[in-house]
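Inside the fold
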Amino acid sequence: MTDTASNIVDLSRMTHQQRAALPLSTEVAQVIAEQHGVCIRPLAMRRIDTTTGRVDIIPVPCGSTRQDQCRPCADKARRLRMAQCREGWHLDTEPVIKRATPSTEQQELMAARADLLLAYSQCRAAGDEDSCEQIADSVAELDGQLRALGVRGRLAPLDPAPKPVKRSTRRRQDAPNLPRRPVERRTLGQVFAGRYRPSTFVTLTLDSYGKVDAHGAAIDPDTYDYRRAARDAIHFPALVDRFWQNTRRCVGWDVQYFGTVEPQKRGAPHLHAAIRGTIPRAELRAITAATYHQVWWPPHDQQIYTQQRPPVWDTRAKTFTDPDTGVPLPTFDQACQELTEPAHVVRFGPQVHVKGILGGTEEAGRHIGYLTKYLTKSISHAAGLGEQATEAHREHARCLHAELLITPCSPRCPIWLLYGIQPHGARHSTTPGRCKGKAHKPEHLGIAGRRVLVSRKWSNKTLDDHRAERGQFVRQLLEQAGIHPAHGPQDGPYLWERTAPADPDIPPRPVLLMQAVAERQRWKAEYTAAQLAATGPPPDTNRSATFDQAA
Ligand SMILES: [Zn+2]
Ligand SMILES: [Zn+2]
């Protein structure tokens, strides 16, 4: 335990009266909760033991990944990502995907679902909307049952989306000029003498849009290319996808990665990635230089309409029209058919950092910390746009945001209407030029996709699997030491119910927080006892991290 531990209020050593006398303001309770690594804004859930009828109000953690919302939950989420990163980076045996064979119940439900789907398409063809609606309800119910039985993956939708417009071969210029090898079904790199597990750490950056100062602000905002910066940020995830495809084809094996997308100070996204196995530096550079992504969207350089003079929704024709002539605007797909060149092309910049890392070394641990360092911060905070940001830096972010407000983020984006194009899914409630997408929000700087990108066979586990495994580890340790949790396996099964703030049985928030703290302290004491019983020596930091993830 560190020095701060002496300041922590130890509730488990207090009498009930002492505990009741504590100043229970929400702030104090939050500080204590934070010191103990307990969620500071838990959800009060009602837990009903269906055997005994006992009802308890249980504080359930909020699960936020942002430390400005809930530091304990964000720290926990980050530690879980670190564990996921560590586990996959230097694997020395191929991960095996074990799929359970479907149970009879699952098969029967799937067969029933297929029958309903057929009936639905027949009713739809016959124009029988009432039956369609009934069938849709039944399918939704079946889907719920299938999910509850652990069926994963995509279930066929009732109304399949129309096939995308086929592009002419002329447009297929996406294959870069790289050596192409058939991709073998292995995910491990070379092993040297069966002892070393060399792996790779790579950082990919976007091109320069103009000179920036030490804080990341444009030196000359008039010549800084905010337009290209905004578009590159929005299409960065597609570029990264293409990079992994090209890498696999070029090296000839199923390369696995754990990557994080972070903003640079200038606001442009960049990618840090841990790659399992080694890829020669020159090869990675060649792949990066050859990788590009073409955006086959209609041109969006000249605004035709403004928010003051927007296109008008025609209720009868169910379409957006020109406010003066009443002529319907072309749809996104119509506008795409006439394209002869992409609206935008994204490429990486010349800066590529590649580093060889040996598994199990201190350096590997440091890079895992580096990869996950900013995950608990919002994009703009990670870019240094906090309270200490310079005025020039803020102005720079404002210019980038102004451009993002007129840059469409997807084929569904209502910003298309400013360019005279009806986006997918346009309706009477669509406001021209207003998109709720994350890409346009000031705190996202155009970086709207996932922050963590993990390939499927990295650790071969989902985040939930990792979480469950940690819990399992702690439970086993407790069991071996003969410690039984207060709620034993004989309790339950439980029913969980949401609560409303006005419910009379909901304790005030500070009490709920203290309840969570006391519970955690009890757990931690049991865990430490179990550890001592199992191993003897005092718990090391790694073990206590394990506890933190499980608790
Ligand atoms: Zn929380
Ligand atoms: Zn949008």
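Every chain is numbered independently, its residues counted from 1 as its sequence is written. Starting at A for chains and at 1 for ligands, labels are handed out in the order in which the entities are written. Totals for whole chains, interfaces and linings use every residue, but because this is a predicted model, local features are given only for residues with pLDDT of at least 70 and side-chain atom pairs only at 80 or more, for both listing and counting. Based on all heavy atoms of the structure, the side-chain values leave hydrogens and waters out of the count.

1. Points about the coordination of the zinc ion (ligand 1)
- Note that water is not among the atoms considered, so a metal site may appear incomplete; the donors listed are N, O and S atoms within 2.8 Å of the metal, with 3.2 Å applied to Na, K and Ca. Of the protein atoms, only Cys39 (SG), Cys62 (SG), Cys70 (SG) and Cys73 (SG) coordinate the zinc ion (ligand 1), at distances of 2.2 to 2.4 Å.
- Counting the intervening residues between successive donors of the zinc ion (ligand 1) yields the motif C-x22-C-x7-C-x2-C. With Cys39 in the loop between helix 2 (26–35) and strand 1 (43–49) and Cys62 in the loop between strand 2 (55–60) and helix 3 (71–89), the pair connects residues that are 23 residues apart, well separated along the chain. For helices the rule is a DSSP run of H or I covering at least 4 residues; for strands it is a run of E covering at least 2, with both sets numbered from the N terminus onward.

2. Observations concerning the packing of aromatic side chains
- The aromatic pairing rule takes the rings of Phe, Tyr and Trp, using the six-membered ring of Trp, and pairs them if the centres are within 6.5 Å, calling planes under 30 degrees apart stacked, those over 60 edge-to-face and the rest tilted. Taken as a whole and judged by the stated rule, the model has 13 aromatic pairs.
- Taken together, a centroid distance of 6.5 Å and an interplanar angle of 50 degrees make the contact between Trp89 and Phe201 tilted. A residue pair is termed long-range when its members are at least 10 positions apart, and Trp89 in helix 3 and Phe201 in strand 3 (residues 198–206) qualify at 112 residues. Taken as a pair, Trp89 and Phe201 share a single burial class, namely buried.
- Arranged with centres 5.2 Å apart and planes meeting at 70 degrees, the rings of Phe332 and Trp416 form a pair that is edge-to-face. One end of the pair, Phe332, is in helix 8 (residues 332–337); the other, Trp416, is in the loop between helix 11 (391–404) and strand 10 (452–454), with 84 residues separating them in the sequence.
- Relative accessibility decides the category of a residue: with a 1.4 Å probe and only protein chains considered, values under 20% of the type maximum give buried, values over 50% give exposed, and everything between is partly exposed. Given a relative accessible area of 4%, Phe332 falls into the buried group.
- An aromatic cluster of at least three residues, connected via ring pairs, comprises Phe236, Phe243, Trp244, Tyr257 and Phe348.

3. A closer look at unusual backbone geometry
- Of note in the backbone geometry, Leu445 takes a positive phi value of approximately 50 degrees without being a glycine.
- Among the secondary structure elements, Leu445 is positioned in the loop between helix 11 and strand 10.
- The class for Leu445 is buried, based on a relative accessible area of 4%.

4. With respect to the pairing of strand 1
- Among the 7 residues of strand 1, 6 are classified as buried, and the element is accordingly described as predominantly covered.
- Note: two strands are recorded as paired if DSSP finds a minimum of 2 bridges between them. Between strand 1 and strand 2, which follow one another and run antiparallel, lie 5 residues, and Gly53 among them has a positive phi close to 80 degrees.
- Relative to strand 11 (residues 494–498), strand 1 runs antiparallel, the two being bridged by 5 bridges. By the bridge assignment for strand 11, Arg47 is matched with Trp496.

5. Focus on the pattern of salt bridges
- Any carboxyl oxygen of Asp or Glu that lies within 4 Å of a side-chain nitrogen of Lys or Arg is treated as forming a salt bridge with it. Tallying each qualifying case throughout the model produces 27 salt bridges.
- Between Arg46 and Glu497 there is a salt bridge; the shortest N-O distance is 2.9 Å. One end of the pair, Arg46, is in strand 1; the other, Glu497, is in strand 11, with 451 residues separating them in the sequence.
- Of the residues examined, Arg46 reaches a relative accessible area of 12% and is grouped as buried.
- Across the salt bridge formed by Glu87 and Lys461, the nearest N and O atoms sit 2.3 Å from each other. Of this pair, Glu87 sits in helix 3 while Lys461 sits in the loop between strand 10 and helix 12 (463–480), placing them 374 residues apart in sequence.
- Taken together, the shared-partner salt bridges in this structure form one network comprising Arg46, Glu497, Asp503 and Asp505.

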